[in-house]
Amino acid sequence: MKKILLLFILLSTICFGKTLKIGTTSYPGAEIMNLIKDDLKAKGIELEIVEMNDYVTPNLALADGDIDVNSFQHLPYLEQFNKDKGLDLVSAGATYICPLGLYSKKYKSLEELPEKAVIAIPNDPTNSGRALLLFHKAGLIELKDPTDLRATTFDIVKNPKNFKFKELEAAQLPRILPDVDAAVINGGYAVNAGFFPTEDSIVLEDKDSPYINIFAVRAGDENREDIKALVEAFQTDKVRDYILKTFKGGFIPVF
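Quick summary incoming for the structure in this document. (Residues numbered from 1 in each chain as written. Predicted model: local features only at pLDDT ≥ 70, side-chain atom pairs only at ≥ 80, totals over all residues. Heavy atoms only, no water.)

**Some details on the overall build of the protein chain**
Right, so step 1: For the protein chain, the count of helices and strands is eleven helices and 14 strands.
Right, so step 2: With the C-alpha coordinates aligned to their principal axes, the bounding extent of the protein chain is approximately 80 × 40 × 30 Å.
Right, so step 3: Counting across all 255 residues of the protein chain, residues that qualify as buried make up 47%.
Right, so step 4: Considering only residue pairs separated by 6 or more positions, the protein chain has 74% of its internal contacts joining residues 24 or more positions apart.
Right, so step 5: Carbon and sulfur atoms make up 53% of the accessible area of the protein chain, which amounts to about 12,600 Å² in all.
Right, so step 6: Both charge centroids of the protein chain, one from 30 positive and one from 37 negative side chains, sit 2 Å from each other. (Helix = DSSP H or I, 4+ residues; strand = E, 2+ residues; numbered from the N terminus. Buried < 20%, exposed > 50% of the residue type's maximum accessible area, 1.4 Å probe, protein only. Contact = heavy atoms within 4.5 Å. Areas by Shrake-Rupley, 256 points an atom, 1.4 Å probe, with all protein chains shown as cover. Lys, Arg positive; Asp, Glu negative; His and termini not counted. Charge placed at Lys NZ, Arg CZ, Asp CG, Glu CD.)

**Observations regarding the packing of aromatic side chains**
Right, so step 1: Per the stated rule, a full pass over the model turns up 15 aromatic pairs.
Right, so step 2: Relative to Phe234, the ring of Phe215 lies with its centre 5.3 Å away and its plane at 90 degrees, an arrangement referred to as edge-to-face. Placement of the pair is Phe215 in strand 13 (residues 213–218) and Phe234 in helix 10 (residues 225–234), with a sequence separation of 19 residues.
Right, so step 3: Assessed through its relative accessible area of 0%, Phe234 is described here as buried.
Right, so step 4: Taking the centre distance of 5.1 Å and the plane angle of 80 degrees together, the rings of Phe247 and Phe251 count as edge-to-face.
Right, so step 5: Site record: aromatic cluster; members linked through ring pairs are Tyr27, Tyr96, Phe215, Phe234, Tyr242, Phe247, Phe251 and Phe255. (Phe/Tyr/Trp six-rings, centres within 6.5 Å; stacked < 30°, edge-to-face > 60°.)

If you want it as structure tokens, here you go:
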């Protein structure tokens, strides 16, 4: 009986393959992952896409074993999340950069931003620091340490126009844009809101940004064959060309 059961399990694995559950954003994550489903299926891996549209659930679900891998975040965010939550999640490979940009419904250039302008920025520690570094690089403010990726508003030492920075949930930033003078919006949310970052932003991060998005897995799982197959299927010319043609600079491949 045991031999029959083992044979059934073996045949089931061969016939039906392995299911790999990935947590990602509905847009563009799910769209891009659907591009490689057939490639993975040909290798016996059924890719199950679980859509998650916040910055907390995907890592908690990964740590709990509800999913096998996620793709939504850059490396500095993952490192900070690990530190804050006591988790041991690691990168299994790079995907792309979602360049942070400054957008406005009222102004078209940095020079037009008025005295005491209200600037909305993401409220999570790494992306708020990233937004302030963008302003520092543009010469709008001066930070105490421009190499500190987790700078806060308390680290601003010069603010010539007395900008007022308003920290909000990243997903809300496109919606509140009419109510502020400008907002720093993550690339994915900007594209989802109908912006073409390379055309519509007042200022945009360049491709040398340290904020590379990654596939995150539990420590040790980066060596799993199905995870390696996922990364390999993603890091192809097909995916690179699709991202560049489809998202108008909202996402820049780094492989």
